[in-house]
Amino acid sequence: MGMKRLPLFFFIGGMVFKALLVLLWRFFQPAGIGRLLIRYDPVGSWLAEFLTPLVFDQRRFAPTPAEALFYELVLIIAFGLQCLLLGIIISRIWRWIHRRYGEVPI
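In this report, we go over the structure that sits alongside the text. Please read all numbers here as calculations on a predicted model, not as lab measurements.

In total, this model carries three aromatic pairs according to the counting rule given. On the numbers, 5.6 Å between centres and 65° between planes, the contact of F56 with F70 is edge-to-face. Here F56, found in the loop between α3 (42-55) and α4 (65-101), pairs with F70, found in helix α4; they are 14 residues apart in sequence, far enough to count as distant. Its relative accessible area of 22% is what places F56 among the partly exposed residues.

Following this line, the structure appears as structure tokens:
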């Protein structure tokens, strides 16, 4: 694995992890998974809560299945983007250390 591909691996890994959590929540609904989806990912939940009313009409009592699916997709993509940003930061720091101090063994 090269350091150039690290952000891509973080992005894909983050999206797969969050999608797995969403699927577990959909099928089994354990309380711990709900906390992982919403409470421990405030950026993703904020973005999903911000974008969902922009796309769907909010004049009803319960969300439609399409609205719930959109909310979950935004959660997954937002977490993937956060992981991508983390991968970019780690790869830049690794390159800076490598340039400054030469070959650094892992």
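Glancing now at the packing of helix α1 (residues 6-27) against α4. Across the interface, α1 lies against α4 with an axial gap of 7 Å and an inter-helix angle of 150°. Comparing their axes, α4 and α1 come out roughly antiparallel. Between α1 and α4 lies a crossing of right-handed hand. Among the residues forming the contact of α1 with α4, the class breakdown is 21 nonpolar, four polar and three charged.

A few words on α3. With 14 residues, α3 should reach 20 Å at 1.5 Å per residue; the first-to-last C-alpha distance of 20 Å fits that figure. Contacts made by the buried residues of α3 are with α2 (31-39) and α4.

This part is about unusual backbone geometry. The phi angle at Q29 is positive, at roughly 50°, despite the residue not being glycine. Along the chain, the position of Q29 falls in the loop between α1 and α2. Since its relative accessible area comes to 52%, Q29 is described here as exposed.

Moving on to the pattern of salt bridges. One side chain can pair with another of opposite charge once the charged atoms of both are near each other. Applying the stated criterion to the full structure yields three salt bridges. A salt bridge links D41 to K18; the nearest nitrogen and oxygen atoms lie 3.0 Å apart. Of the two residues, D41 is situated in the loop between α2 and α3 and K18 in helix α1; the sequence distance between them amounts to 23 residues. Taken individually, D41 and K18 each receive the classification buried, so the pair is uniform in this respect.

Cut-offs used in this document
Residues numbered from 1 in each chain as written. Predicted model: local features only at pLDDT ≥ 70, side-chain atom pairs only at ≥ 80, totals over all residues. Heavy atoms only, no water. Phe/Tyr/Trp six-rings, centres within 6.5 Å; stacked < 30°, edge-to-face > 60°. Helix = DSSP H or I, 4+ residues; strand = E, 2+ residues; numbered from the N terminus. Buried < 20%, exposed > 50% of the residue type's maximum accessible area, 1.4 Å probe, protein only. Axes fitted to C-alpha atoms, helices over the stretch in contact; angles between N-to-C directions. Parallel < 35°, antiparallel > 145°, perpendicular 65-115°, else oblique. Left-handed = near helix turned anticlockwise from the far one by under 90°. Nonpolar A, V, L, I, M, F, W, Y, C, P; charged D, E, K, R; others polar. Expected span 1.5 Å × (residues − 1). Contact = heavy atoms within 4.5 Å. Salt bridge = Lys/Arg side-chain N within 4 Å of Asp/Glu carboxyl O.

Geometric descriptors of this kind do not, in isolation, establish any biological role.
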